[in-house]
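Next come the chains, spelled out residue by residue.
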Amino acid sequence: MSGIKFPIYLDHHATTPVDQRVLEEMLPYFGDKFGNASSLDHTYGYEASVAVENAREQISKGIGSRHDEIIFTSGATESNNLALIGTMEKYKEKGNHLITCLTEHKAVLDTAKHLEHLGYDVTYLPVNHYGEIDLELLKNSITKKTVLISIMTANNEIGTIADVAEIGKIAHERDVFFHTDAAQAVGHIPMDVEKMQIDMMSMSAHKMYGPKGIGALYIRGVKPRIKPESILHGGGQERNIRSGTLNVPGIVGFGKAMELSQKEMDLENKRFREWTNLMFEEFAKLGAVLNGHPSKRLTHNLNVNFPGIESKAIINSISKEIAISAGSACTTQMVEPSHVLLAIGLDETSSHSAIRFGLGRFNQKEEIEFCIKKIKNIIQVTSEIKI
Ligand SMILES: *Cc1c(COP(=O)(O)O)cnc(C)c1O
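Just so it is clear, the model here is predicted, and its values are computed rather than measured. (Residues numbered from 1 in each chain as written. Predicted model: local features only at pLDDT ≥ 70, side-chain atom pairs only at ≥ 80, totals over all residues. Heavy atoms only, no water.)

(A) View of the overall build of the protein chain. For the protein chain, the count of helices and strands is 11 helices and 12 strands. Taken over C-alpha atoms, the radius of gyration comes to 21 Å for the protein chain, in line with the 21 Å a tight globule of 387 residues would show. Projected onto its principal axes, the C-alpha coordinates of the protein chain cover approximately 70 × 55 × 35 Å. Put simply, the protein chain has 387 residues, and 56% of those count as buried. Relative to all contacts within the protein chain whose residues are 6 or more apart in sequence, the contacts with residues 24 or more apart total 73%. Taken as a whole, the protein chain presents about 16,900 Å² of accessible surface, with 53% of it coming from carbon and sulfur. (Helix = DSSP H or I, 4+ residues; strand = E, 2+ residues; numbered from the N terminus. Rg over C-alpha atoms; globule rule 2.2 N^0.38 Å. Buried < 20%, exposed > 50% of the residue type's maximum accessible area, 1.4 Å probe, protein only. Contact = heavy atoms within 4.5 Å. Areas by Shrake-Rupley, 256 points an atom, 1.4 Å probe, with all protein chains shown as cover.)

Printed below as a string of structure tokens:
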């Protein structure tokens, strides 16, 4: 196994490495091109501003929006906060009701909880065994006071992809805004905010081979026009919606990452589908059960249960060779079971038997083969010990 660099990284839902081509694009903006994109009185600032607008164009192209509908933020966490808090505060006159679902990322769930403390009403829709909401239940949950529906595009633990176009249609039929946390989807599956009738969409560069600490919120400009209240106050950057000096190198990297992903997505998905199918086929021989939807899923995600095993023990014992996780990075420090696995109907014990594999752009077939062999081996040994 000479060609393999250990530990093999298979945790791409937590973060992705920065693509070399992205890094190269960013470097000048840490050097000579250090200008503040708001300082338009001289060439330093102007140069930075041109780079930012170029990235805005690249990003809007990737999601089918207008360039002036992209607001740069520090990442999907901030975008989710801005979308939820900013929208509920702005449209208080209309109502105080938010609809979301139980399997959202903590950046949505904890923001929703915060809104409850502020006096807003939140409905947390349940999901079925595959991690999907019931669209009839969604329709029936909308009231006159509903302002916003926030449902994630693709789940970061089990990879289930929601029917966002249908949710967008339902929202618009009832004059409700629709936000989606697409941190795991953008750059991985085709997204089109027009076709999908999305009003706001959270994105994060470090989930798509860009740098950490930069993201964006797409905010629809027409039909309907929406303008959330800002949650950061200051210099009035980003159309007064998000104050703060722009992270120019980050933005440039994000733009490049978006451009690359649009070119490489189809081939990548083909490769990942083949590999995750192969992995599951092999793991199923040892009794592994799939978590998430069998077909409406991210191709690079594989979340499986090995009944009777303690996944943390396995993951720790092979961490020198394979970097994988039991669930989301934000909750791995806790002994609490995953809220996503509980929501799809696993009990507390079986939720501790789940392993999440997240494949990525730079993985090689031989790494996947090594991983299959290693996991099969350790599961076999572990179950023999137990018997
Ligand atoms: C990673 C992630 C986030 C948080 O994004 P950051 O840019 O790290 O703040 C939010 N939602 C989902 C679904 C994610 O996967």
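(B) Here's a closer look at the pairing of strand β5 (residues 146-150). Among the 5 residues that make up β5, 5 are buried, leaving the element largely enclosed by the rest of the structure. With 3 bridges connecting them, strand β3 (residues 97-101) and β5 associate as parallel partners. Counted as the bridge partner of His97 is Thr146 from β5. Direction of pairing for β5 relative to strand β6 (residues 177-181): parallel, over a ladder of 3 bridges. Bridge assignment links Leu148 to a residue of β6, and that residue is Phe177. Taken together, β5, helix α6 (residues 164-173) and β6 form a β-α-β motif whose crossover is right-handed. (Pairing = 2+ DSSP bridges. Right-handed = clockwise from strand over helix to strand, strands pointing away.)

(C) Here's a closer look at the site of the ligand. By nearness alone, every residue bordering the ligand is listed as Gly75, Ala76, Thr77, His105, Met152, Asn156, Asp181, Ala183, Gln184, Ser204, His206 and Lys207. Contacts to the ligand include His206, whose side-chain N or O atom sits 2.8 Å from an oxygen atom. One of the side-chain N or O atoms of Lys207 is found 2.7 Å from an oxygen atom in the ligand. Across the complex, the protein chains shield 87% of the 380 Å² of accessible surface that the ligand would expose by itself. (Near = heavy atom within 4 Å. Polar contact = N/O pair within 3.5 Å; in protein donor to acceptor, adjacent residues only side chain to side chain.)

(D) A look at the sheet that holds strand β8 (residues 215-219). The 7 strands lie next to each other as β2-β8-β7-β6-β5-β3-β4, forming an open sheet whose pairing is mixed. Each edge of the sheet is formed by a strand with only one pairing partner; in this case those strands are β2 (70-73) and β4 (121-125). Strand-to-strand twist in this sheet, taken as the mean axis angle between neighbours without regard to direction, amounts to 20°. Bridging between β6 and strand β7 (residues 200-204) involves 3 bridges; their strand directions are parallel. Counterpart to His179 in the pairing with β7 is Met200. Helix α3 (residues 76-90) rests against β2, β3, β5, β6, β7 and β8 of the sheet, and its axis sits at about 160° to β7. (Axes fitted to C-alpha atoms, helices over the stretch in contact; angles between N-to-C directions.)

(E) Just unusual backbone geometry, in detail. With an omega of -10°, the peptide bond running from Phe6 to Pro7 counts as cis. One can find Pro7 in the segment before β1 (8-9). Despite not being glycine, Lys223 shows a phi value in the positive range, around 50°. The backbone of Asn240 sits at a positive phi, close to 70°, despite the residue not being glycine. As for its placement among the helices and strands, Asn240 is situated in the loop between β8 and α7 (248-284).

(F) Summary view of the side chain of Gln237. Tracing the sequence through the fold places Gln237 in the loop between β8 and α7. Not counting residues within four places of it along the chain, the set of residues in contact with Gln237 comprises Ser38, Arg242, Ser243, Gly244 and Thr245.

(G) Structural context of a nonpolar patch on the surface. On the surface, Val18, Leu23, Leu27 and Phe30 cluster together into a nonpolar patch covering about 350 Å² of accessible area. With respect to the element layout, Val18 can be found in the loop between β1 and α1 (20-26). (Patch = residues over 30% accessible without salt bridge, like charges linked within 9 Å, V, L, I, M, F, W, Y side chains within 5 Å. Salt bridge = Lys/Arg side-chain N within 4 Å of Asp/Glu carboxyl O.)

(H) Seen up close, the packing of helix α2 (residues 43-63) against α7. Relative to each other, α2 and α7 sit at 30°, their axes nearing to 8 Å. The orientation of α2 with respect to α7, classified from their angle, is roughly parallel. The handedness of the crossing between α2 and α7 is left-handed. Within the contact between the two elements, α2 uses Ala48, Ala51, Val52, Ala55, Gln58, Ile59, Gly62 and Ile63 and α7 uses Val248, Ile251, Val252, Phe254, Gly255, Lys256, Met258, Glu259 and Gln262. Across the contact of α2 with α7, the residue classes tally to 11 nonpolar, 4 polar and 2 charged. (Parallel < 35°, antiparallel > 145°, perpendicular 65-115°, else oblique. Left-handed = near helix turned anticlockwise from the far one by under 90°. Nonpolar A, V, L, I, M, F, W, Y, C, P; charged D, E, K, R; others polar.)

(I) Molecular detail of the side chain of His97. In this fold, His97 is placed in strand β3. There is a polar contact of 2.7 Å between the side chain of His97 and the side chain of Thr146. Apart from the residues within four sequence positions on either side, His97 is in contact with Met88, Asp121, Thr123, Ser141, Thr143, Lys145, Thr146, Val147 and Leu148.

(J) Region of interest: the nonpolar core. Phe72, Ile149, Met201 and Met203 are the most contacted members of the largest nonpolar core, which has 60 residues in total. For this core, the element with the most residues is α7, which contributes 7 residues. If sequence neighbours within four positions are ignored, Met203 has contacts with Ile59, Ile63, Ile70, Gly75, Ala76, Ser79, Val186, Gly215, Ala216, Tyr218, Phe254 and Met258. (Core = buried A, V, L, I, M, F, W, Y, C linked by side-chain atoms within 4.5 Å.)

(K) How the structure looks around the environment of Lys94. Looking at the element boundaries, Lys94 is found in the loop between α3 and β3. Given the relative accessible area of 38%, Lys94 is considered partly exposed. Along the sequence, Lys94 and Val147 sit 53 residues apart, while their C-alpha atoms lie 6.9 Å from each other. Not counting residues up to four positions away in its chain, the partners in contact with Lys94 are Lys144, Lys145, Thr146, Val147, Asp175 and Val176.

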